[in-house]
Amino acid sequence: MVAPLLVMPSIIVLLAWMIVPLVMTLWFSFQYYNLVDPSARGFAGIDNYVYLVTDPDFWVSLRTTLVLLASVLVITVGLGTLLAVLFNQPFPGRNIARVLAISPFFVMPTVSALIWKNLLMHPIYGVFGALASMIGLQPVDWFAQFPLASIIAIVSWEWLPFALLILLTAVQSLDHEQKEAARMDGAGPLAQFYFITLPHLSRAIGVVIMIETIFLLTVFAEIFVTTSGGPGNATTNLAFLIYARALLQYDIGGASAGGVVAIILANIVAFFLVRSIARRLEV
Amino acid sequence: MATLQLRDIRKSFASVEVIKGINLEIGDREFVVFVGPSGCGKSTLLRMIAGLEEITSGDLMIDGKRINRVGPADRGLAMVFQSYALYPHMTVRQNMAFALRLAGVSKAERDRKVDEAARILQLEPYLERRPKDLSGGQRQRVAIGRAIVRQPKVFLFDEPLSNLDAALRGQMRIELLRLHEELKATMIYVTHDQVEAMTMADKIVVLRAGVVEQVGTPLELYHHPANLFVAGFIGSPRMNLMPARVVKSSGTGISVALPSGPEILVPVEGAGTASGDAVTLGIRPEGLRIEPSGAIAGTVALVERLGGLTLLHVTIEGGEPVTVQIEGSDATKARDQIRLAVDPAACHLFDKAGQALPQRARHPLAA
Ligand SMILES: Nc1ncnc2c1ncn2[C@@H]1O[C@H](COP(=O)(O)OP(=O)(O)OP(=O)(O)O)[C@@H](O)[C@H]1O
Ligand SMILES: [Mg+2]
């Protein structure tokens, strides 16, 4: 009798924080509900969804979301692995270099996006522009010419330290006698990396991919601060599309439909990821 | 064919010298064991031979060629690590074939060699397993198999049996000896277990603090230790060492007196000793026996019965503790008063500097 009472508080909290918003989102996604047109309320059936999937912007944002996810994963895991191996070698000033390499992780996304936008990538005030003019090149207006690539660069910069941190600890846990055995077996540095280090890291790489994916599907602050989804819809991902629907166009019903789609998308990605990584974790 | 020469090999880590000039000849097909207390530099020396550790100075030659600057894979050596160092994500077969695969050997040839090694080591049923699904002894054999498939000129072992239980260790000792016979290869083996050293070695190298104390066959070291360190290190139970004083030196040996009175004639060359010199008398535990007319009186402190052997820990007059080893099971009890007789042939004398005085007669098996 007592047991259900004791778990009640956590169930109530769970309901309040998760189930209620989820059910409300589902509910609104089947309603005509626009804040600037209070007269047009009522049950919409699947109209919001039809409107969403027939909107070319939606498919563009879906593609942008996945491109952003895939690019940042490739960059952070690839560079992170290389840097982890490098930072594991002894060299003077290694501890300071490690701290510096990991510090971007402690900068909040809005701030790092602003730093990139105004201090680095700005064609007039930015460091990149200054460097380009110094050698006589035309400064590049990054957010106008390569908007998505710029966002990818910023987000990768934010997440590289995380990948590096996890992978570095994994590299450090590699038994050095294994590498010496490989050396005796005739493995050069590259063969050691490929046959010994990389398999040893596969578990940690799986963890990095899984955690980063959860956060990268919902990148928002970096886009909001820099490009606001533009130019046009070049950097509008699903999270930003939903925001635009709900808070720029006041279309709660349409935004909710987008939200439901985002939930489904996240679950599909998570399903495949967890399955492939769980298989690897067994080894 | 593989012989090794070490000429004044030295190794320093930063400013600390850990290997202090080692000279050593290792013959073809010899089974050489490095022994010594922990931290004396056995592993470091082995790793320098393997090429895993740079040689600070000196020459390392294999078959007469200097190989200080040759990479570990090109020296024709294979090493078995204490932790086995198997590749966890590869099967036993892939582990054993790894070196061949890197060397570009064809799949058929690799399989043939791995199967051959697996047969020698009785690993055939486990070839498709991963290391984590093997027992300690099986992992050990895979590590040895990984060395065998490369057909090295010299095998290096760094305490390969120290992670195994006593029974398995005994069994693996015999297997390694059988392998040594079968493969006809030179083997260098590091251990701090002197039973392994005594039973397996053709030649034992006793190291202390980066210096070779003595090189010789197991029986040479046992019957003719060159100094106090080797005398105390080789042999279990340890040799009894007690202070004594030279009474007189004659053609048949040196008479010494224990502090408690008894005199013992030790058959060693006495040139250079004068009566009154302080020396150390060493008596192997099996060189003492209980005899009512014995010269030394003592009280039994403790009895260890091993079945086939009995070890008596005796406190002799003057307070020195000695160990006595008796064949078979003995009825002596703790607190018994006994007298001990000494077998002069099992005695050794060491001068003040700890160097052994040469025995007048060599042991027949340690010529
Ligand atoms: N990389 C290193 N840097 C500095 N000192 C080292 C290094 N490797 C070994 N040493 C030192 O060299 C000495 C010899 O070490 P080594 O590992 O060869 O001993 P060992 O005889 O194998 O001992 P054990 O029986 O415990 O394995 C030790 O004093 C050790 O502290
Ligand atoms: Mg060692």
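Residues numbered from 1 in each chain as written. Chains lettered and ligands numbered in written order. Predicted model: local features only at pLDDT ≥ 70, side-chain atom pairs only at ≥ 80, totals over all residues. Heavy atoms only, no water.

A.B. asks: Which residues make up the overall build of chain B, and what values go with them?
C.D. replies: In terms of regular secondary structure, chain B is built from 8 helices and 20 strands. Out of the 367 residues belonging to chain B, those deemed buried represent 52%. Carbon and sulfur atoms provide 51% of the accessible area of chain B, an area that totals close to 15900 Å². Averaging the locations of the 44 positively and 41 negatively charged side chains of chain B gives two centres separated by 5 Å. (Helix = DSSP H or I, 4+ residues; strand = E, 2+ residues; numbered from the N terminus. Buried < 20%, exposed > 50% of the residue type's maximum accessible area, 1.4 Å probe, protein only. Areas by Shrake-Rupley, 256 points an atom, 1.4 Å probe, with all protein chains shown as cover. Lys, Arg positive; Asp, Glu negative; His and termini not counted. Charge placed at Lys NZ, Arg CZ, Asp CG, Glu CD.)

A.B. asks: Which residues make up the overall build of chain A, and what values go with them?
C.D. replies: For chain A, the count of helices and strands is 13 helices and 2 strands. Principal axes of the C-alpha set define a box for chain A whose edges measure 75 × 70 × 35 Å. Here chain A holds 283 residues, and the buried ones make up 41% of them. Of the contacts made within chain A by residues no fewer than 6 positions apart, 67% connect residues no fewer than 24 positions apart. For chain A, the accessible area works out to roughly 15400 Å², and carbon and sulfur atoms hold 75% of it. Placing the 12 positive and 14 negative side-chain charges of chain A at their respective mean positions leaves the two points 6 Å apart. (Contact = heavy atoms within 4.5 Å.)

A.B. asks: Quick one: what's the story with the site of ligand 1, residue by residue and with numbers?
C.D. replies: Residue and element names in this part refer to chain B. Around ligand 1 sit Phe 13, Val 18, Ser 38, Gly 39, Cys 40, Gly 41, Lys 42, Ser 43, Thr 44, Glu 159 and His 192, and that is every residue in its neighbourhood. The contact in question runs from an oxygen atom of ligand 1 to an N or O atom on the side chain of Ser 43, over 2.5 Å. A distance of 2.5 Å separates an oxygen atom of ligand 1 from a polar atom in the side chain of Thr 44. The protein chains hide 56% of the 630 Å² of surface that ligand 1 would expose on its own. Class assignment for the residues of the shell around ligand 1 results in 3 nonpolar, 6 polar and 2 charged. (Near = heavy atom within 4 Å. Polar contact = N/O pair within 3.5 Å; in protein donor to acceptor, adjacent residues only side chain to side chain. Nonpolar A, V, L, I, M, F, W, Y, C, P; charged D, E, K, R; others polar.)

A.B. asks: How would you explain the domain arrangement of chain B if you had to name every residue and give the values?
C.D. replies: Residue and element names in this part refer to chain B. Domain assignment breaks chain B into domain 1 (4–232) and domain 2 (233–366). Using only C-alpha atoms to locate each centre, domain 1 and domain 2 end up separated by 37 Å. The interface of domain 1 with domain 2 comprises 20 residues on the first partner and 21 residues on the second. Taken together, both faces of the contact between domain 1 and domain 2 bury some 1900 Å²; the carbon and sulfur share is 63%. Considering only the side of domain 1, the residues that lose the most area to domain 2 are Tyr 222, His 224 and Leu 228, jointly responsible for 32% of the buried surface there. Put simply, domain 1 and domain 2 have 0 salt bridges between them. Inspection of the region where domain 1 meets domain 2 yields 12 residue pairs in polar contact (both at pLDDT 80 or more). (Domains from an automatic or database assignment. Buried area = accessible area lost by both parts, 1.4 Å probe. Salt bridge = Lys/Arg side-chain N within 4 Å of Asp/Glu carboxyl O.)

A.B. asks: Outline empty space enclosed by the protein, supporting the account with residue identities and numerical values.
C.D. replies: Overall, the coordinates contain 3 cavities of 30 Å³ or more when judged by the stated rule. In this structure, the largest cavity encloses a volume near 60 Å³. Along its surface, the largest cavity is lined by Ala 181, Met 184 and Asp 185 of chain A together with Ala 78, Met 79, Phe 81, Arg 146, Ala 147 and Arg 150 of chain B. Within the residue set of the lining of the largest cavity, elements represented by two or more residues are α9 (176–184) of chain A together with β6 (77–80) and α4 (136–148) of chain B. Per-class residue counts for the lining of the largest cavity are 6 nonpolar, no polar and 3 charged. (1 Å grid on protein atoms, 1.4 Å probe; cavity = no way out; pocket = protein on both sides within 12 Å on 5 of 7 lines; lining within 4 Å. Points joined across faces, edges and corners; volume = space filled by probe spheres on them.)

A.B. asks: Could you give an account of the interface of chain A and chain B, naming the residues involved and the relevant values?
C.D. replies: Interface size, as often reported, equals the accessible area lost upon joining of the parts. Across the boundary between the two partners, chain A contributes 16 residues, which contact 26 residues of chain B. Carbon and sulfur atoms supply 63% of the area that chain A and chain B bury against each other, a total of about 1800 Å² over both sides. On inspection of chain A and its partner chain B, the count reaches 2 salt bridges. Run the count over chain A and chain B and you get 8 residue pairs in polar contact (both at pLDDT 80 or more). Mapped by element, the contributors of at least two residues to the side of chain A that touches chain B are α9 and α10 (189–216) of chain A. Tallied by class, residues from the side of chain A that touches chain B come to 9 nonpolar, 2 polar and 5 charged.

A.B. asks: Residues and numbers for the packing of aromatic side chains, please.
C.D. replies: Residue and element names in this part refer to chain A. Scanning the entire structure with this criterion turns up 26 aromatic pairs over all chains. Ring geometry for Phe 28 versus Tyr 33: centroids 5.1 Å apart, planes at 50 degrees, classification tilted. When its relative accessible area of 17% is taken as the criterion, Phe 28 is described as buried. Assessed through its relative accessible area of 22%, Tyr 33 is described here as partly exposed. Ring centres 5.4 Å apart and planes at 35 degrees place the aromatic pair Trp 159 and Phe 215 in the tilted group. A residue pair is termed long-range when its members are at least 10 positions apart, and Trp 159 in helix α8 (residues 147–172) and Phe 215 in helix α10 qualify at 56 residues. (Phe/Tyr/Trp six-rings, centres within 6.5 Å; stacked < 30°, edge-to-face > 60°.)

A.B. asks: Which residues make up the pairing of strand β10 (residues 211–216) of chain B, and what are the values?
C.D. replies: Note on strand geometry: in a regular strand, side chains alternate between the two faces of the sheet. Residues and elements named next belong to chain B. Relative to β10, strand β9 (residues 203–208) is paired through 5 bridges, and the arrangement is antiparallel. Across the sheet, the residue bridging to Leu 207 is Val 212, located in β10. Linking β9 to β10, which pair antiparallel, is a turn of 2 residues; within it Ala 209 sits at a positive phi near 50 degrees. (Pairing = 2+ DSSP bridges.)

A.B. asks: Account for the pairing of strand β13 (residues 263–266) of chain B, naming residues and giving values.
C.D. replies: Residues and elements named next belong to chain B. Residue alternation in β13 divides its side chains into a buried set, Ile 264 and Val 266, and an unburied set, Glu 263 and Leu 265. As defined by bridge partners, strand β12 (residues 253–257) adjoins β13 across 4 bridges and the pair is classed as antiparallel. Across the sheet, residue Ser 255 finds its bridge partner in β13, namely Leu 265. Hairpin connection between β12 and β13: a loop of 5 residues separates the two successive antiparallel strands, and Gly 261 in this loop has a positive phi of roughly 125 degrees.

A.B. asks: Quick one: what's the story with the sheet that holds strand β1 (residues 4–13) of chain B, residue by residue and with numbers?
C.D. replies: Residues and elements named next belong to chain B. With respect to topology, 4 strands assemble into an open sheet ordered β2-β1-β4-β5, the strand pairing being antiparallel. Every other strand in the sheet has two partners, leaving β2 (16–26) and β5 (65–66) as the edge strands with one partner each. Sheet strands in contact with helix α1 (residues 42–50) are β1, β2 and β4 (57–62), and its direction is about 115 degrees off that of β1. (Axes fitted to C-alpha atoms, helices over the stretch in contact; angles between N-to-C directions.)

A.B. asks: Can you break down the sheet that holds strand β20 (residues 347–350) of chain B residue by residue, with the values?
C.D. replies: All names here are of chain B. One open sheet holds the 5 strands; their spatial order is β13-β12-β11-β14-β20, and the pairing between them is antiparallel. Among the strands making up the open sheet, the edge pair consists of β13 and β20. Recorded for the sheet is a direction-independent mean angle of 40 degrees between the axes of neighbouring strands.

A.B. asks: I'd love a proper account of the nonpolar core, names of residues and values included.
C.D. replies: Core analysis: the largest hydrophobic core is formed by 48 residues, its most contacted members being Met 96, Ile 144, Phe 157, Leu 176, Tyr 189 and Val 206 of chain B. Apart from residues no more than four positions distant in its own chain, Tyr 189 of chain B is found in contact with Phe 31, Val 32, Val 33, Phe 34, Phe 157, Pro 160, Leu 161, Leu 176, Glu 196 and Met 200 of chain B. In terms of nonpolar packing, the next biggest core, distinct from the first, is built from 45 residues, Leu 68, Trp 159, Leu 217 and Leu 241 of chain A among them. (Core = buried A, V, L, I, M, F, W, Y, C linked by side-chain atoms within 4.5 Å.)

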